[in-house]
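Chain by chain, the residues:
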Amino acid sequence: DDYAAAFAHLASAHPGPYLAAGYSFGAATALAVGAGDARFTRLVLVGPPAGLMRREVLEAFAGDALVVVGDDDSYAPLARVRPILEPFPRFQLEVISGADHFFSTGGLDRIAPLVRAFVAG
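Not measured: the values here are computed from a predicted model. (Residues numbered from 1 in each chain as written. Predicted model: local features only at pLDDT ≥ 70, side-chain atom pairs only at ≥ 80, totals over all residues. Heavy atoms only, no water.)

Draft legend 1. Structural view of the side chain of H101. Looking at the secondary structure, you find H101 in the loop between β4 (91–96) and α5 (108–120). Judged by relative accessible area, which is 3%, H101 ranks as buried. Polar side-chain contacts of H101 include one of 2.8 Å to the side chain of S24. Leaving out residues up to four positions away in the same chain, H101 has contacts with Y23, S24, G47, D72, D73 and Y75. (Helix = DSSP H or I, 4+ residues; strand = E, 2+ residues; numbered from the N terminus. Buried < 20%, exposed > 50% of the residue type's maximum accessible area, 1.4 Å probe, protein only. Polar contact = N/O pair within 3.5 Å; in protein donor to acceptor, adjacent residues only side chain to side chain. Contact = heavy atoms within 4.5 Å.)

Draft legend 2. How the structure looks around the sheet that holds strand β1 (residues 18–23). As summarised here, the arrangement of the 4 strands in space is β1-β2-β3-β4, forming an open sheet in which the pairing is parallel. Two strands close off the open sheet at either side, each with one partner strand: β1 and β4. Recorded for the sheet is a direction-independent mean angle of 10° between the axes of neighbouring strands. Pairing geometry for strand β3 (residues 64–70) and β4, over 6 bridges, is parallel. Residue pairing for β4: A65 is matched across the bridge by F91. Strands in contact with helix α1 (residues 2–13) are β1 and β2 (40–46); relative to β1, the strand with the most contacts, it is inclined by about 150°. (Pairing = 2+ DSSP bridges. Axes fitted to C-alpha atoms, helices over the stretch in contact; angles between N-to-C directions.)

Draft legend 3. A look at the environment of D72. Looking at the element boundaries, D72 is found in the loop between β3 and α4 (78–85). Put simply, D72 and E59 are 13 residues apart on the chain and 27 Å apart in space, counted from C-alpha to C-alpha. In this view, D72 contacts A99, D100 and H101; residues no more than four positions away in its chain are not counted.

Draft legend 4. Structural context of a nonpolar patch on the surface. On the surface, a cluster of nonpolar side chains totalling about 340 Å² of accessible area is made up of Y23, Y75 and F102. Here Y23 is to be found in strand β1. (Patch = residues over 30% accessible without salt bridge, like charges linked within 9 Å, V, L, I, M, F, W, Y side chains within 5 Å. Areas by Shrake-Rupley, 256 points an atom, 1.4 Å probe, with all protein chains shown as cover. Salt bridge = Lys/Arg side-chain N within 4 Å of Asp/Glu carboxyl O.)

Draft legend 5. A look at the pairing of β2. The element β2 is largely enclosed, with a buried count of 6 among its 7 residues. Looking at chain direction, β1 and β2 are connected through 6 bridges and run parallel. Note that in β2 the partner of Y18 across the bridge is F40. Of the crossover connections in this fold, the one passing from β1 over helix α2 (residues 25–35) to the parallel β2 is right-handed. (Right-handed = clockwise from strand over helix to strand, strands pointing away.)

Below, the structure written as structure tokens:
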């Protein structure tokens, strides 16, 4: 509800299109809000918990998405995330080697360039 309310405020002042983004639970929230509103054309999901990426929500999103996870992420383990995203080629998966869910073991500095390239391209 908070994400949707913030978006409603933004949409009242700016015409869009929009990119929804979030980290961890916020990534799952961005996915849910973005999939429910066609004005969102892109998503950036950093460390989305695998258990919160439901197939029907992924199917509902028509735009492109960047998903960034660490290869040592216990909330978004590659063994679960890859099969979830595999049927959705519009969801670009980027894996940061040596990074955990909090990117405290490295890789935090690699997120911004990935996001910039995704937004530019």
